[in-house]
Each structure stands twice: as structure tokens, then as C-alpha cells.
Amino acid sequence: MIGGGDKDMIKDLTVSKGNSKLPETTTIFNLPCFITCPGKTKECMVDCYARKAEIRFHHNVLPCRMRNLASTKNKTFVDDLVIAIQKTKNTTFRYFESGDFYSQSLIDKSIKVAHRLPDVFFYAYTKSLHLFNFSNIPGNFRVIDSLNHTSSKHKAVVIRDNETKPKGFFVCPGSCKKCNYCFNPKTKNILVAFPLH
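One structure accompanies this document, and this report is about it. Small disclaimer: the values here were computed from a predicted structure and weren't measured. (Residues numbered from 1 in each chain as written. Predicted model: local features only at pLDDT ≥ 70, side-chain atom pairs only at ≥ 80, totals over all residues. Heavy atoms only, no water.)

1. Structural notes on the nonpolar core
Phase 1 of the analysis: Membership of the largest hydrophobic core comes to 27 residues, with the highest contact counts inside it found for Phe-29, Leu-81, Phe-93, Tyr-95, Phe-101, Val-113 and Phe-122.
Phase 2 of the analysis: Elements supplying a minimum of two residues to this core: β2 (13-17), α4 (77-88), β4 (92-95), α5 (104-116), β5 (121-126) and β6 (141-145).
Phase 3 of the analysis: Residue contributions to this core peak at six residues, all from α4.
Phase 4 of the analysis: Ignoring any residue separated from it by four or fewer positions in sequence, one finds Phe-122 in contact with Ile-85, Phe-93, Tyr-95, Val-113, Ala-114, Leu-117, Asn-140, Phe-141 and Arg-142.
Phase 5 of the analysis: Membership of the second largest hydrophobic core comes to 15 residues, among which are Leu-22, Ala-156, Phe-183 and Val-192. (Core = buried A, V, L, I, M, F, W, Y, C linked by side-chain atoms within 4.5 Å. Buried < 20%, exposed > 50% of the residue type's maximum accessible area, 1.4 Å probe, protein only. Helix = DSSP H or I, 4+ residues; strand = E, 2+ residues; numbered from the N terminus. Contact = heavy atoms within 4.5 Å.)

2. Concerning the pairing of β4
Phase 1 of the analysis: By the alternation rule, side chains of β4 split into Thr-92 and Arg-94 and Phe-93 and Tyr-95, which are all buried.
Phase 2 of the analysis: Strand direction decides the pairing type here: strand β3 (residues 26-29) and β4, joined by four bridges, are parallel. Residue pairing across strands places Thr-27 opposite Phe-93, the latter belonging to β4.
Phase 3 of the analysis: A crossover links β4 with its parallel partner β5, the connecting element being α5, and its sense is right-handed. (Pairing = 2+ DSSP bridges. Right-handed = clockwise from strand over helix to strand, strands pointing away.)

3. What about the packing of aromatic side chains?
Phase 1 of the analysis: Going through the model one piece at a time under the given rule, you end up with 16 aromatic pairs.
Phase 2 of the analysis: Here Phe-29 and Phe-77 contribute two aromatic rings whose centre-to-centre distance is 5.7 Å and whose plane-to-plane angle is 55°, an arrangement assigned as tilted. Pair noted here: Phe-29 is in strand β3 and Phe-77 is in helix α4, with a separation of 48 residues, a long-range link.
Phase 3 of the analysis: The buried category is assigned to Phe-29, whose relative accessible area is 0%.
Phase 4 of the analysis: Where Phe-122 meets Phe-141, the ring centres are 6.0 Å apart and the plane angle is 50°; that geometry is what we call tilted. With a gap of 19 residues between them, Phe-122 in strand β5 and Phe-141 in strand β6 connect regions that are remote in the sequence. (Phe/Tyr/Trp six-rings, centres within 6.5 Å; stacked < 30°, edge-to-face > 60°.)

Here it is in C-alpha cells:
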């Protein structure tokens, strides 16, 4: 697998276990960047970390993400993703190291997956929070707003070299293998600043 970890494939859906920054105990589901990011900003188009992998490993990464995108439109997506997560035996799941929630239908399906797996903690960073209805997410599903809206409970920002972190924000150490701040169910309000990498 690119970046470490194992891959599990159910039909045309692929999840991975960890990567260079996330521990093997985190299951990851990715989509292609940009085309699934309705809330993308100009900064995303320039600084997108996920795009680097699609370019560098284009023979493997992009086709896998495109298959995952197609799988989200299948009637069996909820069942297929539940099975894939169960096969990993992990109890932490990250949506979209690459990509984002591109439709209300995908959000609704993701909520169904979380309801079906109450012992798994789901989390996602999104720039789509203001575009769709996330009001029905269960307690085991954390959605972190990457656009830092004032009304959001959980917020993430990117800081560049010359910027200081916003007041009250935790600065990401760069590896979730050493830190579980964002996906720790006990953390009540996520305020995280990511140094640009």
C-alpha cells in the first residue's frame, strides 16, 4: 500500500489501515480530490496534500479512489463499507484523507454506516459543512469543519510558516501515531491547527 498499512477490498470498494501519519488501527476511506470537494478553496487547489499522492502514484492511487467514488453511488454501499470496516477489526475510521462529502446522499449513507457500527468512532474533516445537512450524525461520528465557521463545534485550520495559530487551537504534532486529539471521543471540542506540509 502507498504510505504503509494494509488494504482491504470489498467488491469495488477499498479501505486502508493506517498510512505514514495515521496508525494501523485507523481505517481510511478515500475519494479522488477536487472532483469530490464542493467546498474547496483556492488554497486547496494549490496546497492539496492528497493531490500529491494522486500525481506521484497515479497508476495505483487515482484508480482506487475513482473506484471508491463509483462505489458510493451503489445501492450496496452501506453494506459494503460496513463489511470492509468489520474486516479490519479497527475501532477508528477516517473518512477522506482525500476527497470530501460531495452530496447529501453520501452523508446520509455515512450516517447509516455509523449507526450500524456503534463501537467504531468515525471522524472526517470537511469543507462541506455549510453545503449539506449534518444534523443527524450520531455520537460516534465527529465532523470537523475545515473552514473554521464561527458556529462550528469542531474546527481545523491550516497555518503557514508566517502565521501564528489561532487562540485556543492545538497545533498538530504531524503524526496521529503519537497523538489522538482529533479522534479521541473524550475530546469535546476540536480546535486544531495543521502546519502546512
